[in-house]
Amino acid sequence: MSLPYPVWIEWLVAVATPLQLQLSLVGGAVRDQLLGQALPLKDLDLVVEGPMAWPALVLAEAIVAAAAASQLPLGYQLLQCTPYSNYGTARLQLQTNGGFLLCDLSSARSESYGFPGDHPGVESANLQIDLQRRDFSINSLAMRLPSLELLDPSGGAADLGAKQLRLLHGSSLRDDPTRLIRAVRYGARFDLQWSPASWEQASVILNSWPWPQGAPALGARLRMELELLFAETNWQGALALLEQWRGLELLQRGWRRLPRGSARYLSRFGRWGAALEPAFTAVELRLLALIDLAPGAAADKQVIAERLQIPQRLSELLGQVAELRHWLQRERPSNSWLPSQWTAALEKPGNGGQPLAVLLVLLQPATPAKYQLLRWLLRWRLQRSAISGKELLGMGYQPGPELGKRLWQERAKEIDKD
């Protein structure tokens, strides 16, 4: 086996050794090499052992000091170091000649959960114990540095060969149900299936699934796992597994099936929505659209959004979608309206006439007035008055309602030319 980022890792070992720290490469870098895949290009995970309580924090301090003294390896620049003292970890953000690199340093530790979805309690431990706390056997792999000795205490290499996902212990999903979404990602990425015992554990958890009260961290973790799912190259395959492996039930109890054509719908909304509003990413728009596909009323979907702690702007967009649907159903606007009448109605506050809301509603089947919504999205909303406010001021208009009314009249004339 070979080293990813060998210059960086060899330098880390040289820094760690005088501090009596032992480094081991863990996670995807080891797993992916066993699968014969290319070395990871953007992230590294290292476990740090040593005589102090949180050895990873000691190593992080040494790296920060070396960066301040311009002693990092040639071609490496430390952009940020974020320590997490409660967990004995630190995240390094680095710029290298090959691009951006995340390097996570974790003190070897054990974990315990007070109740399902709780923040884990952690204690200092050794690498063997640390590997046992992990989610799946395929992630319980390590490479000792600098010897490159492979450690595989849970048979992860054999499970990779058998193309199966095996949970490391019987309470794995009870402790952290979001591991089910992680399983979906790995299943789609590496063409894996559950081991029989692990699928039985997943089924037991889902059959008795109550959303734990007082576990806000669970919602945030679930959102992050779903974002990672939608960032996968094969996210559409992952979406199919999410449905097949009952992962939708983590969002809403009893949700078993997605509407037909959901993957195509999410793909279009993510791609077109990000082009329409570049402030939003395709990943977060796919997640929003998934929430909107949940069965039930608008209020039920808002409950899911609040539980997942999605950003405020996404929550507002979900509300605008509900407003637009409500307006279309309540007002049943006439197809005989002029384009300016449609524009005025859609842009009226409370009707949900925002570009992304209109796009999301447009992409779903059985939406009324599709032609008018599409024309507004692509043409009418972009039309401006042939005369500017500055010109009207020069004609004697005073700032205020009358000026705004005249500007709208002039804009309406242009819109109705369509």
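Please refer to the structure placed before this passage.
Attention in this report is confined to the structure presented alongside it. (Residues numbered from 1 in each chain as written. Predicted model: local features only at pLDDT ≥ 70, side-chain atom pairs only at ≥ 80, totals over all residues. Heavy atoms only, no water.)

**Observations concerning the nonpolar core**
Here is a general trend for soluble globular proteins: nonpolar side chains tend to be buried in one another's company. Core analysis: the biggest nonpolar cluster contains 112 residues, and Trp8, Ile63, Leu105 and Leu290 have the highest contact counts within it. Among the nonpolar cores identified, the runner-up in size contains 7 residues, and Val26, Val47, Ala108 and Leu131 belong to it. (Core = buried A, V, L, I, M, F, W, Y, C linked by side-chain atoms within 4.5 Å. Buried < 20%, exposed > 50% of the residue type's maximum accessible area, 1.4 Å probe, protein only.)

**A few points about helix α10 (residues 235-244)**
Every buried residue of α10 is accounted for by Trp235, Ala238, Leu239, Leu241 and Leu242. Burial along α10 is one-sided: seen end-on, the buried residues are contained in an arc of 165°. The inward-facing, buried residues of α10 contact α7 (179-190), α9 (216-231), α11 (262-276) and α12 (282-293). Of the residues flanking the end of α10, it is Arg246, one or two places downstream, whose phi is positive at about 65°. (Helix = DSSP H or I, 4+ residues; strand = E, 2+ residues; numbered from the N terminus. Arc of directions from axis to C-beta. Contact = heavy atoms within 4.5 Å.)

**Here's the deal with helix α15 (residues 339-346)**
For α15, the buried fraction is high: 6 of the 8 residues fall into the buried class. Pro339, Ser340, Trp342, Thr343, Ala345 and Leu346 are the residues of α15 that are buried. Contacts from the buried residues of α15 go to α14 (312-331), α17 (370-378) and α19 (401-415).

**Focus on the pattern of salt bridges**
According to the stated counting rule, one finds 29 salt bridges in the structure shown. When the shortest N-O distance is used, the salt bridge between Glu249 and Arg256 registers 2.4 Å. Across the salt bridge formed by Arg375 and Asp418, the nearest N and O atoms sit 2.7 Å from each other. Of this pair, Arg375 sits in helix α17 while Asp418 sits in the segment after α19, and the two are 43 residues apart along the sequence. A cluster of three or more residues bridged by salt bridges with shared partners is formed by Asp135, Asp176, Arg182, Arg185, Arg189, Arg221, Glu225 and Glu232. (Salt bridge = Lys/Arg side-chain N within 4 Å of Asp/Glu carboxyl O.)

**Considerations on the environment of Pro259**
Locating Pro259 in the fold gives a position in the loop between α10 and α11. Judged by its relative accessible area of 39%, Pro259 is partly exposed. Spatially, the C-alpha atom of Pro259 lies 9.3 Å from that of Ala294, the residues being 35 residues apart in sequence.

**Focus: the packing of aromatic side chains**
Taken as a whole and assessed by the stated rule, the structure comprises 11 aromatic pairs. Centre to centre, the rings of Trp194 and Trp245 are 5.5 Å apart; their planes meet at 50°, and the pair counts as tilted. One end of the pair, Trp194, is in strand β11 (residues 193-194); the other, Trp245, is in the loop between α10 and α11, with 51 residues separating them in the sequence. Each member of the pair Trp194 and Trp245 is classed as buried. Grouped by ring-pair contacts, the aromatic residues Phe136, Tyr186, Phe190, Trp194, Trp199 and Trp245 constitute a single cluster. Its end group placed over the ring of Trp376, Arg381 keeps NZ or CZ at 6.0 Å from the ring centre. (Phe/Tyr/Trp six-rings, centres within 6.5 Å; stacked < 30°, edge-to-face > 60°. Lys NZ or Arg CZ within 6 Å of the ring centre and 35° of its normal.)

**A word on the side chain of Gln372**
Mapped onto the elements, Gln372 comes out in helix α17. The buried category is assigned to Gln372, whose relative accessible area is 9%. Setting aside chain neighbours within four positions, we find Gln372 in contact with Asn335, Trp342 and Trp380.

**Some remarks on the sheet that holds strand β4 (residues 89-96)**
Across the sheet, 7 strands lie side by side as β3-β4-β5-β2-β1-β8-β9; this open sheet has mixed pairing. Strand pairing shows two members of the sheet lacking a second neighbour, β3 (76-84) and β9 (150-151), which therefore form its edges. Relative to β9, strand β8 (residues 142-144) runs antiparallel, the two being bridged by 2 bridges. Looking at β9, one finds that Ala142 is bridged to Leu151. Against the sheet, helix α3 (residues 55-68) touches β1 (22-26), β2 (43-49), β3, β4 and β5 (99-107), its axis set at about 140° to β5. (Pairing = 2+ DSSP bridges. Axes fitted to C-alpha atoms, helices over the stretch in contact; angles between N-to-C directions.)

**Some points on the environment of Leu173**
Relative to the elements of secondary structure, Leu173 occurs in helix α6 (residues 172-175). What makes Leu173 buried here is its relative accessible area of 2%.

**Concerning the side chain of Arg31**
Relative to the helices and strands, Arg31 is located in helix α2 (residues 28-34). Setting aside residues no more than four positions away along its own chain, Arg31 makes contact with Ile138, Asn139, Leu141, Leu160, Tyr186, Arg189 and Phe190.

**Section: the packing of α7 against α9**
Where α7 meets α9, the axes come as close as 9 Å, and the angle between the chain directions of the two elements is 10°. Considering their axes alone, α7 and α9 lie roughly parallel with respect to each other. Between α7 and α9, the contacting residues are Ile181, Arg182, Val184 and Arg185 on the first element and Leu222, Glu225, Leu226, Leu228 and Leu229 on the second. Per-class residue counts for the contact of α7 with α9 are 6 nonpolar, no polar and 3 charged. (Parallel < 35°, antiparallel > 145°, perpendicular 65-115°, else oblique. Nonpolar A, V, L, I, M, F, W, Y, C, P; charged D, E, K, R; others polar.)

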